[in-house]
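Per-entry structural report
In case you want the letters, here they are:
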Amino acid sequence: SQKIEQNSEALNIQEGKTATLTCNYTNYSPAYLQWYRQDPGRGPVFLLLIRENEKEKRKERLKVTFDTTLKQSLFHITASQPADSATYLCAHSSGTYKYIFGTGTRLKVLA
Amino acid sequence: GAGVSQSPSNKVTEKGKDVELRCDPISGHTALYWYRQRLGQGLEFLIYFQGNSAPDKSGLPSDRFSAERTGESVSTLTIQRTQQEDSAVYLCASSFGTSGDIQYFGAGTRLSVL
């Protein structure tokens with residue numbers, strides 16, 4: 001069955017450093033991969049989408065890469081700030097409306 | 001409205017009671033999703049509505065769960081004879097219904113079954 005995995009352990013980094021989060025998938029090739037941010041008590045908020053034929057996408061301090069050989073997407077936050085502390089979810093779709101979400105990685109940026 | 005609205009924000013109920021959760025999607029969004037999120041877990045797909053098409057109910061965990069949507073507006077998720085394992089946050093999202101769509105989420109309903 002299709003699986004998507006994120007590191008369940010929290011990631012602590014120092015303010016100003018680059019945070020890198022990983023999303024691995026098995027048993028399929030997603031057509032789309034999305035990243036969302038979720039704060040406690042809130043619903044997820046969309047950040048970036050990358051398509052299977054794209055290697056990289058950027059938006060301000062955010063960058064997403066998609067490596068179909070490694071079956072992996074990396075999500076980077078450069079010049080991280082304490083306000084970036086949240087849980088980050090990746091979600092994949094094979095091209096239909098149905099997305100499968102990972103369990104999320106909690107990021108804490110230390111001042 | 002400006003965003004997806006869910007009500008109630010919190011619901012505490014006794015085991016065996018029925019509960020109804022409501023979702024108001026963004027106006028103009030034809031697609032609507034319900035997800036369940038258990039503590040510390042990812043989002044578990046429950047059901048998908050798209051326009052007037054038959055809903056995809058493949059994620060509903062049991063026949064105690066049902067959902068309805070009137071046209072492209074409000075949706076209700078009903079859980080009958082609630083069990084303690086139903087305790088979770090129930091999230092609703094809406095989108096324009098195209099491939100690779102961005103989903104816009106509500107804040108969720110936190111359901112606690114005692």
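Up top is the structure these notes are about.
Rules used throughout
Residues numbered from 1 in each chain as written. Chains lettered and ligands numbered in written order. Predicted model: local features only at pLDDT ≥ 70, side-chain atom pairs only at ≥ 80, totals over all residues. Heavy atoms only, no water. Helix = DSSP H or I, 4+ residues; strand = E, 2+ residues; numbered from the N terminus. Rg over C-alpha atoms; globule rule 2.2 N^0.38 Å. Contact = heavy atoms within 4.5 Å. Buried area = accessible area lost by both parts, 1.4 Å probe. Salt bridge = Lys/Arg side-chain N within 4 Å of Asp/Glu carboxyl O. Polar contact = N/O pair within 3.5 Å; in protein donor to acceptor, adjacent residues only side chain to side chain. Pairing = 2+ DSSP bridges. Core = buried A, V, L, I, M, F, W, Y, C linked by side-chain atoms within 4.5 Å. Buried < 20%, exposed > 50% of the residue type's maximum accessible area, 1.4 Å probe, protein only. Disulfide = S-S within 2.5 Å.

Our focus in this paragraph is the overall build of chain B. What chain B contains, in helices and strands, is zero helices and 10 strands. In sequence order, chain B lays out its α and β elements as β-β-β-β-β-β-β-β-β-β. Over its C-alpha trace chain B gives a radius of gyration of 13 Å, about what one expects of a compact globule, namely 13 Å for 114 residues. On the principal axes, the C-alpha backbone points of chain B span a range of 40 × 25 × 25 Å.

The next subject is the overall build of chain A. Per the secondary structure count, chain A includes zero helices and 11 strands. Ordered by position in the sequence, the α and β elements of chain A form the string β-β-β-β-β-β-β-β-β-β-β. In summary, chain A has a C-alpha radius of gyration of 13 Å against a globular reference of 13 Å for 111 residues, a match within 12%. Across its three principal axes, chain A shows a C-alpha extent of roughly 40 × 30 × 20 Å.

Next up on the list: the interface of chain B and chain A. Size of an interface, as often reported, equals the accessible area lost when the parts are brought together. Taken together, the contact pairs 19 residues of chain B with 18 residues of chain A. Taking both partners together, chain B and chain A bury about 1,600 Å²; carbon and sulfur atoms supply 54% of that area. Summed over the shared surface of chain B and chain A, the result is one salt bridge. In this structure, the connection of chain B to chain A is made through five residue pairs in polar contact (both at pLDDT 80 or more).

Here we take up the pairing of strand β7 (residues 62-67) of chain A. Residue and element names in this part refer to chain A. Of the strand pairs in this sheet, strand β6 (residues 56-59) and β7 are connected by four bridges, and their pairing is antiparallel. When the bridges of β7 are listed, Lys 59 appears paired with Leu 62. Here β6 folds back onto β7 in antiparallel fashion, the turn holding two residues, of which Glu 60 has a positive phi close to 55°. In this structure, β7 lies alongside strand β8 (residues 72-77), joined through six bridges in antiparallel fashion. When the bridges of β8 are listed, Val 64 appears paired with Phe 75. The turn joining β7 and β8, which pair antiparallel and follow one another in sequence, is formed by four residues; a positive phi near 55° is taken by Lys 71.

Before going further, it helps to examine the nonpolar core. Within the largest apolar cluster, 22 residues are counted, with the highest numbers of intra-cluster contacts made by A:Leu33, A:Trp35, A:Phe75, A:Ile77, A:Tyr88 and A:Leu107. Residue assignment for this core shows that the elements contributing at least two residues are β3 (19-26), β4 (32-38), β5 (45-51), β7, β8, β9 (86-93) and β11 (105-110) of chain A. Here this core takes four residues from β3(A), the largest share from any one element. Discounting residues that sit within four places of it in the chain, A:Ile77 has contacts with A:Lys17, A:Thr18, A:Ala19, A:Arg61, A:Leu62, A:Asp84, A:Tyr88 and A:Leu107. Counting 20 residues, the second-largest nonpolar core is a separate cluster that includes B:Val4, B:Ile26, B:Ile47 and B:Ala88.

Turning to the environment of B:Val4, a few remarks are in order. All names here are of chain B. Tracing the chain through its elements places Val 4 in the segment before β1 (5-7). Residue classification places Val 4 among the buried residues on the basis of a relative accessible area of 12%. Along the sequence, Val 4 and Tyr 104 sit 100 residues apart, while their C-alpha atoms lie 6.8 Å from each other. Excluding residues that lie within four positions of it along the chain, Val 4 makes contacts with Cys 23, Asp 24, Pro 25, Ile 26, Cys 92, Ser 94, Tyr 104, Phe 105 and Gly 106.

The subject of this paragraph is the state of the cysteines. Counted according to the given criterion, the structure contains two disulfides over all chains. Here A:Cys23 connects covalently by a disulfide to A:Cys90, the sulfurs 2.0 Å from one another. Looking along the S-S bond of the A:Cys23-A:Cys90 disulfide, the torsion reads about 70°, which is the right-handed sense. Of this pair, A:Cys23 sits in strand β3 while A:Cys90 sits in strand β9, placing them 67 residues apart in sequence. The residues A:Cys23 and A:Cys90 share a single accessibility class, namely buried. The side chain of B:Cys23 participates in a disulfide bridge whose partner is B:Cys92; the two sulfur atoms lie 1.9 Å from each other. Here B:Cys23 and B:Cys92 share a disulfide; its torsion about the S-S bond, -65°, makes the bridge left-handed.

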